[in-house]
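Spelled out from the first residue to the last, the chains are:
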Amino acid sequence: KEYGLLNAKPLKLPMDSHLKLTHDKGDILPDPSPYQRLVGKLIYLTITRPDISFTIQLLSQFMHQPTTVHMQAGKRLLRYLCGSPHQGILLASSSAAELTAFCDSDWAGCPITRKSTTGYCVFFGSSPISWKSKKQSVTARSSAEAEYRAMALTTCEVTWLAALLKDLGVKKLPPTILNCDNQAALAIAANPVLHEKTKHIEIDCHYVRDKIKDGTITTAHVPSKDQVADILTKILPVQQHQQILSKLGATLCSRSSV
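What you are looking at is a predicted structure, and each value in this text was computed from that prediction instead of being measured. (Residues numbered from 1 in each chain as written. Predicted model: local features only at pLDDT ≥ 70, side-chain atom pairs only at ≥ 80, totals over all residues. Heavy atoms only, no water.)

### Describing the sheet that holds strand β6 (residues 217–221)
Moving on, step 1. Spatially, β4-β3-β2-β5-β6 is the arrangement adopted by the five strands of the open sheet, whose pairing is mixed. One side of each edge strand has no neighbouring strand; the edge strands of this open sheet are β4 (127–135) and β6. Here the strands of the sheet are splayed against their neighbours by 20° on average, with no regard to which way each runs.
Moving on, step 2. Relative to β4, strand β3 (residues 117–124) runs antiparallel, the two being bridged by eight bridges. Among the inter-strand pairings, Phe123 is bridged to a residue of β4, identified as Pro128.
Moving on, step 3. Each of β5 (176–180) and β6 is contacted by helix α5 (residues 183–190), which is oriented at about 150° to β6, the strand it contacts most. (Pairing = 2+ DSSP bridges. Helix = DSSP H or I, 4+ residues; strand = E, 2+ residues; numbered from the N terminus. Axes fitted to C-alpha atoms, helices over the stretch in contact; angles between N-to-C directions. Contact = heavy atoms within 4.5 Å.)

Laid out in structure tokens, this is it:
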């Protein structure tokens, strides 16, 4: 209502898949506060809407000097939300007491810095309880390196969640299955020998292997079509976007139950 889009035509994707946001596209807004307020509000919405997490982390990178193109992208996201204002996460009333994680990365996806984007989602039983879309802090020199850094970040989250669940009384968790669709990254995790090409990610290698060794996690390969973390690293085709949403447990609630 604030941005005049209450009755706008809904869109099926949160962002144009061909749009690459940069600092020099469009004219600088004379007053950045409307854009900042919009993104600030949408950040809170990612708590229940993992499907917009990737778009929000992109829009958040231009808070200091947004342009007309950035504002247009933000309003497009509102049009996507118009199509599913009552969508939320369905938490299962009963499921197995185990953690399952999915991690992915979009190698060199940032057109400005060529840094990769990490995406992960962690399930407790069949319920998603943690997800994140985040640009990596360093530039990866290969897709395997980008994927392995995503594995390391996800392992940190799994370790923290396991400790939290232990404090809450869930003490006998089985090893968390960490699903990754990159065979090279899985091979690095399985190989106890550090080669020359992995020395620059040696700390991540040691950390992930230590967690495999102590039984905190176990790695598994997942086909790319079943990689639910894909939605946190890039804009997907409409059909794949909807399929992953259903696997994430996203559902439309009736007005009476909201």
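### A word on empty space enclosed by the protein
Moving on, step 1. A full pass over the atoms with the stated rule returns one cavity of 30 Å³ or more.
Moving on, step 2. For the largest cavity, the calculated volume is near 40 Å³.
Moving on, step 3. Looking at the largest cavity, the residues that line it are Leu13, Pro14, Asp51, Phe54, Thr55, Ile231, Lys234, Ile235, Leu236 and His241.
Moving on, step 4. When grouped by side-chain class, the residues that make up the lining of the largest cavity number six nonpolar, two polar and two charged. (1 Å grid on protein atoms, 1.4 Å probe; cavity = no way out; pocket = protein on both sides within 12 Å on 5 of 7 lines; lining within 4 Å. Points joined across faces, edges and corners; volume = space filled by probe spheres on them. Nonpolar A, V, L, I, M, F, W, Y, C, P; charged D, E, K, R; others polar.)

### Some points on helix α7 (residues 238–247)
Moving on, step 1. Looking only at α7, the buried set comprises His241, Ile244 and Leu245. The buried side chains of α7 occupy one side of the element, clustering within an arc of 105° when seen end-on. For α7, the exposed residues lying more than 90 degrees away from the buried face are Gln239 and Ser246.
Moving on, step 2. A positive phi of about 85° marks Gly249, the residue just after α7. (Buried < 20%, exposed > 50% of the residue type's maximum accessible area, 1.4 Å probe, protein only. Arc of directions from axis to C-beta.)

### So, the layout of surface pockets
Vacant regions in the atomic arrangement are exposed by a probe of water-molecule size rolled over the atoms.
Moving on, step 1. Size it by volume and the largest pocket reaches roughly 380 Å³.
Moving on, step 2. In terms of lining, the largest pocket is formed by 15 residues, of which the most central are Lys1, Leu6, Leu78, Leu81 and Cys82.
Moving on, step 3. Within the residue set of the lining of the largest pocket, elements represented by two or more residues are α1 (33–45) and α3 (68–82).
Moving on, step 4. No other element matches α1, which puts four residues into the lining of the largest pocket.
Moving on, step 5. When its residues are assigned to classes, the lining of the largest pocket shows ten nonpolar, one polar and four charged.
Moving on, step 6. Looking at the second largest pocket, its volume works out to about 300 Å³.
Moving on, step 7. Considering the residues around the second largest pocket, the lining is formed by 20 residues, among which Leu19, Lys20, Phe54, Leu58 and Gly109 are closest to the centre.

### Concerning the pattern of salt bridges
Moving on, step 1. Applying the stated criterion across every chain, the model contains ten salt bridges.
Moving on, step 2. Note that Arg149 and Glu145 form a salt bridge whose closest N and O atoms lie 2.9 Å from each other. Linking Arg149 with Glu145, this pair stays in helix α4 (residues 143–167), spanning four residues, or about one helical turn. The two residues Arg149 and Glu145 agree in class, both being buried.
Moving on, step 3. Between Asp226 and Lys247 there is a salt bridge whose closest N-O contact spans 2.8 Å. (Salt bridge = Lys/Arg side-chain N within 4 Å of Asp/Glu carboxyl O.)

### Focus on the packing of α4 against helix α6 (residues 202–213)
Moving on, step 1. Relative orientation of the contacting elements α4 and α6 amounts to 45°, with a least axis distance of 9 Å. Compared by their axis directions, α4 and α6 come out oblique. Between α4 and α6 the crossing geometry is left-handed. Contacts between α4 and α6 involve Tyr148, Arg149, Met151, Ala152, Thr155, Cys156 and Thr159 from the first element and Asp204, Cys205, Tyr207, Val208, Arg209 and Lys211 from the second.
Moving on, step 2. Classifying every residue of the contact of α4 with α6 gives seven nonpolar, two polar and four charged. (Parallel < 35°, antiparallel > 145°, perpendicular 65-115°, else oblique. Left-handed = near helix turned anticlockwise from the far one by under 90°.)

### Section: the side chain of Ser105
Moving on, step 1. Along the chain, Ser105 turns up in strand β2 (residues 99–106).
Moving on, step 2. In this structure Ser105 comes out as buried when scored by relative accessible area, which is 7%.

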